[in-house]
Amino acid sequence: MNYYLTLEDNFKIDLSKLNLDKKELLSLKYIDNMTMQTNNEMELKEYLKSKGLISDNDMNKPICISYGNKDKRFIPVLYARDKVTIDNLKKLSDDIKKYFEYRKQNCHSNFSYESIIGNYNDITSFFSGFEVLAGNHKFLIELQRYISGNPKQNVNANDIAIYINQFSDDKKSKYIYIALFEIFINLFYKFDKETKELKFNYKGFRDFCVFYCNYKRKLNNKKTEDLNEEIEEEYEEPVFPPNSEEESRYFEYLERLNEIASNRPIEDHTHYGR
């Protein structure tokens, strides 16, 4: 599958001036590594313009990544703000494969994919991060929605619902650990029946990264909104009867504060230099 950095009018940006390896230029991973060197869309477009790949007229056009021919699809661009989260998810994907390999070694001559997936007696001693995810029901519900369109994930989606309803107090429940492991191994890997190896599915991994980065941003925005509401409530101006003595004294007090602030050098402020 070929991928292209694309402007909103379906103009495919020719990245060949950046690299002579055409196959690499058309890979999703190469495009991601390039765009994650920039902090945002404008910075990316400034870089592309400096290389002569887009013009001034393109600066206001949204940019994305496209793939497919007859059934063309579009996915968002990743930036530097996403890199830490993606690196952490890559560590999780590595741990998923390590556990698979560990189970594979213990199967000896009776190895099969089903024998590995079917035996989870020791899973709670792995994946310490699963305990955090198990305690976050809002995330589990979002994850359930994310995988709900994939028939291979139906059992796992149902298991999340059962866990929330029946085992939610046990953050180290084998029930949710198994569901999370099977969700991630299906998202991040494809099993090669001939070589009996897991093949990293970069597109599936990336799709989940986009979902998770958006989830975290939405969560952070909600926290900021809640904090702003608390600040507004805490510092709400007092209400006085119109033309009352209390109102007059309050406005006189504000005027004195303004006079002091305008006449005092900034270095004299109690928080200056902290």
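Along each chain, residues carry numbers from 1 onward, in the same order as the chain's sequence is written. Local features in this predicted model are restricted to residues of pLDDT 70 or higher, and side-chain atom pairs are both shown and tallied only at a pLDDT of 80 or more, whereas totals for entire chains, interfaces and linings draw on every residue. Values reported for side chains reflect all heavy atoms of the structure, with hydrogen atoms and water molecules removed beforehand.

Asks: Quick rundown of the overall build of the protein? Include the residues and the values.
Replies: On a plain count of helices and strands, the protein comes out with eleven helices and five strands. Relative accessibility decides the category of a residue: with a 1.4 Å probe and only protein chains considered, values under 20% of the type maximum give buried, values over 50% give exposed, and everything between is partly exposed. Split into buried and exposed, the 274 residues of the protein put 35% on the buried side. Whether two residues are in contact is decided by their heavy atoms: any pair within 4.5 Å suffices. Here the analysis covers contacts within the protein between residues at least 6 apart in sequence; of these, 62% occur between residues at least 24 apart. Segments assigned H or I by DSSP are reported as helices when at least four residues long, segments assigned E as strands when at least two residues long, and all are numbered from the N terminus.

Asks: I'd like a description of helix α7 (residues 137-147), backed by residues and values.
Replies: Considered for burial, the residues of α7 that qualify are Phe139, Leu140, Leu143 and Ile147. All buried residues of α7 lie within an arc of 100° about the axis, which places them on one face of the element. Looking at α7, the residues exposed on the side facing more than 90 degrees away from the buried face are Lys138 and Arg145. The arc under discussion is defined with respect to the helix axis, by the directions toward the C-beta atoms.

Asks: Give me the packing of α7 against helix α8 (residues 154-166): which residues, what numbers.
Replies: Axis angles are defined between N-to-C directions and span 0 to 180 degrees, where every axis is a line fitted to C-alpha atoms and, for a helix, only to the segment in contact. For the pair α7 and α8, interaxial distance at closest approach is 9 Å and the crossing angle is 155°. The angle between α7 and α8 places the two elements in the roughly antiparallel class. In this structure, α7 crosses over α8, and the sense of that crossing is left-handed. The segment α7 lies against α8, with His137, Leu140, Ile141, Leu143, Gln144 and Ile147 engaging Asn156, Ala157, Ile160, Ala161, Tyr163 and Ile164. Among the residues forming the contact of α7 with α8, the class breakdown is nine nonpolar, three polar and no charged. The labels follow the angle: roughly parallel below 35 degrees, roughly antiparallel above 145, roughly perpendicular from 65 to 115, and oblique for the rest. Take the far helix as your reference; a near helix turned counterclockwise from it by less than a right angle gives a left-handed crossing, and one turned clockwise gives a right-handed crossing. Here the term charged refers only to Asp, Glu, Lys and Arg, the term nonpolar to Ala, Val, Leu, Ile, Met, Phe, Trp, Tyr, Cys and Pro, and the term polar to all other amino acids, Gly among them.

Asks: I'd like to hear about the confidence of the model for the protein, residue by residue, with values.
Replies: For the protein, mean pLDDT is 83; residues scoring 70 or higher make up 76% of the total. Every residue carries a pLDDT, the predictor's confidence in it, which falls somewhere between 0 and 100. The weakest mean pLDDT in the protein belongs to helix α11 (residues 245-263) at 59; the strongest belongs to helix α3 (residues 41-50) at 96.

Asks: Now, about the packing of aromatic side chains: what can you tell me, with residues and values included?
Replies: Whether two aromatic rings pair depends on their centres lying within 6.5 Å, for rings of Phe, Tyr and Trp, where Trp uses its six-membered ring; planes under 30 degrees apart make the pair stacked, over 60 edge-to-face, and the rest tilted. Counted according to the given criterion, the structure contains 29 aromatic pairs. Seen from their ring centres, tyrosine 3 and tyrosine 67 are 5.1 Å apart, and the 40° between their planes marks the pair as tilted. With tyrosine 3 in strand β1 (residues 3-7) and tyrosine 67 in strand β2 (residues 63-67), this pair connects stretches of sequence that are 64 residues apart. No difference in accessibility class separates tyrosine 3 from tyrosine 67, as the two residues are buried. Two limits define a charge over a ring: the Lys NZ or Arg CZ must be within 6 Å of the ring centre, and within 35 degrees of the ring normal. Sitting over the face of the ring of tyrosine 4, lysine 12 holds its NZ or CZ atom 4.1 Å from the ring centroid. Sitting over the face of the ring of phenylalanine 200, lysine 90 holds its NZ or CZ atom 5.1 Å from the ring centroid.

Asks: Which residues make up the environment of tyrosine 4, and what values go with them?
Replies: By the element assignment, tyrosine 4 lies in strand β1. Placed 27 residues apart in sequence, tyrosine 4 and isoleucine 31 show a C-alpha to C-alpha distance of 7.9 Å. Contact partners of tyrosine 4, with chain neighbours within four places excluded, come to Lys12, Leu26, Ile31, Cys64, Ile65 and Ser66.

Asks: Please set out the pairing of β1 residue by residue, giving values where relevant.
Replies: Within β1, four of the five residues are buried, leaving the element largely enclosed by the surrounding structure. In terms of strand pairing, β1 meets β2 through five bridges, oriented antiparallel. Residue pairing for β2: leucine 7 is matched across the bridge by isoleucine 63. At least two bridges found by DSSP between two strands is the condition for calling them paired.

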